[in-house]
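Take a look at the letters that make up each chain.
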Amino acid sequence: MDSIDEGVVMMIRTNKIILVTILVAMLVAIASLNPAIYAQNYSLEIKETYTIEKDGGNLYMFYDVTIHGVTTGVPDKVEFKYPSDFIGGRFLYVKAFTDIKEKNLLKTTVVRGDVDTIVTVYTSGLDVSEDTASFKLIVFMPLAVYQEKPFEYAIDIIKYPATNIPIEKVTLKIAPPLNAKPEEVPQGLEVSQISPSGVKPEQYEIKATFTQENITYTDQGLPEVYKVILSNRDTPNNVILLLKGTEDITIKIYPDGEVRYTYVYTLRNYGYDALTTKSKITIKKPRGTHDTYPLSLLDRELESEDAGTIIYVNPPYVVLENMTLQFKMIFYTKTNVTNTGLLGEELRYDILVKPTVDFLIEEARIKVYAPDNTIVEETTVYNFTRFMDVSLDNTVKVNMFTSLYENEFIGIAIYFLIAAGGIISVYRAYYLLAYRRLPEEMKRYLREMKQEIKLMEELIDLEDRYLKRETKSKEYLKRRSQIIKALKKEMKKKEHTKKELSKVAERNPRVREALNLIQDMEDKWEEMRRLEEDFLRRKITPDQYTEERRHLLTEFRAYLKKIEGLV
């Protein structure tokens, strides 16, 4: 009996050993298939840059994240946890990527809860370099600034998020707006003025470094929320503002490949200060812009300052808290439109649309018009931020034959090009032989106009100097009289030619178009002269004259630009 019991015990022991061996083998196999689950040696190093914007009241949190300990594999995900009272009910934009141009995007998710908001970046596809893998994360929160009391603004921050992988080191930098002085910051953060002493505008920086020894969380395992107080006692064009709104974006493609963007902005001022006519709205130009026109909705030119890739626009009126600001910008570019088709009778556009303002654009309505003014593309983008791109690409037909003039030579030339199988496109033929072609007498008339236009520009320059008090009244009136006399002489010389061209215009629509443009330009010139007479006779105030003159000048120069494009 004892021998039987011993055999049973031995068998049980043997089975246990076999079972344990199988379990260990299974665990090793699973661990080898998915080392991220079982690896315990991961740690994070995070470089944080928090940027607080003057306009828009936005908070941008930029994270450079390095994962250490990835020799056996990269974790599936990295989670960033924020207290929900820090995020609030605000719109949240997140974007994770691996290269500086933000091309190689990583999948992200945002889950909001009553206690925390979790941003997850899925990292299993990251490249490994020695013992590390890295990525970048942007977290954007609009309208994050609020007012504490007059001239003081506050913004809630966290020193670091809570993460699912231990943080080894955090380097934090907070960049307040220019001229905003940090008055109160959380313990452990240092304030330094990085602009030279006495230099305006002043620029400050808040910095701190944290390691495993001094990284702490609340009982809920979440970071604490702190407050940064900023003071700003500068003029209204430097105060922190809260702006968001909508955009209507119209894109018109012309037969020569030029593109006109028209942005109509509707921005609401949520506080806490007024936008004045001296405030500056920062607009970023689309890539390749060669002309910019800031206008009110009444097509009056707005005060602005062109600074290269950006333009600063002064609001046309005072915008108090909870009021709406509306204006528009027109940009001209000649990029991303090419000829396609067997004979180049199509235009292929590949346009990247980005917001031109840093405010949160809740709704952007975009329309693309073909050369014949038909809508070829229409889309609406919600929560349009400066990190987003909208790609528009399509091919539109250029109906060349219905656009050609009734000109026998042109018809024969294009017929010959098609019949001969020439590689030259109908598009080029259209421009070289038709759209750009004018009778010699029309070209001669336009050449003769150069002296007339030169005198007009000289008079405009003279008026500018007079309004700035750079020219004395007596000198101004004398030179003005000389220029006007010379102008009348130039116009009189061309009267006969103009009458002859009017007859040609009856059968040549291009000549008719040119003469209409010249007439519009001359009508606008006469309006400017009548306005100047009213000013000199003191029928209007200097401010009225300056405002109306600026509007007329914008239209006058627009006509000049079109006339120059005729030849």
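One can find the structure itself at the top, above this paragraph.
Bear in mind that the values here come from a model prediction, so they are computed numbers and not experimental data.

How each quantity is defined
- Residues numbered from 1 in each chain as written.
- Predicted model: local features only at pLDDT ≥ 70, side-chain atom pairs only at ≥ 80, totals over all residues.
- Heavy atoms only, no water.
- Pairing = 2+ DSSP bridges.
- Helix = DSSP H or I, 4+ residues; strand = E, 2+ residues; numbered from the N terminus.
- Axes fitted to C-alpha atoms, helices over the stretch in contact; angles between N-to-C directions.
- Polar contact = N/O pair within 3.5 Å; in protein donor to acceptor, adjacent residues only side chain to side chain.
- Contact = heavy atoms within 4.5 Å.
- Buried < 20%, exposed > 50% of the residue type's maximum accessible area, 1.4 Å probe, protein only.

## Considerations on the sheet that holds strand β16 (residues 226-231)
Logical step 1: Overall, antiparallel pairing links the four strands, which are arranged β9-β10-β16-β13 in an open sheet. Each edge of the sheet is formed by a strand with only one pairing partner; in this case those strands are β9 (145-149) and β13 (181-184). Strand-to-strand, the axes of this sheet are offset by a mean angle of 40 degrees, without reference to chain direction.
Logical step 2: The pairing of strand β10 (residues 152-157) with β16 spans six bridges and is classified as antiparallel. Each residue of the ladder has a partner; that of I157, found in β16, is Y226.

## What to know about the pairing of strand β26 (residues 360-369)
Logical step 1: Pairing geometry for strand β17 (residues 243-253) and β26, over nine bridges, is parallel. Looking across to β26, one finds that T250 is bridged to K367.
Logical step 2: The sheet contact formed by β26 and strand β27 (residues 375-384) spans eight bridges and is antiparallel. Directly across from I361, in β27, lies its bridge partner F384.
Logical step 3: Linking two consecutive strands that pair antiparallel, namely β26 and β27, is a turn of five residues; a positive phi of about 70 degrees is found at N373 within it.

## Some points on the side chain of D291
Logical step 1: Here D291 is to be found in strand β20 (residues 289-295).
Logical step 2: Within polar-contact distance, the side chain of D291 engages the side chain of H290 at 3.1 Å.
Logical step 3: Among residues more than four places away in sequence, those in contact with D291 are I330, F331, Y332 and K561.

## Side note on the pairing of strand β23 (residues 324-333)
Remark: a regular strand shows side chains that alternate across the two faces of the sheet.
Logical step 1: In terms of burial, β23 is a largely internal element, eight of the ten residues being buried.
Logical step 2: Strand direction decides the pairing type here: β20 and β23, joined by six bridges, are antiparallel. By the bridge assignment for β23, D291 is matched with Y332.

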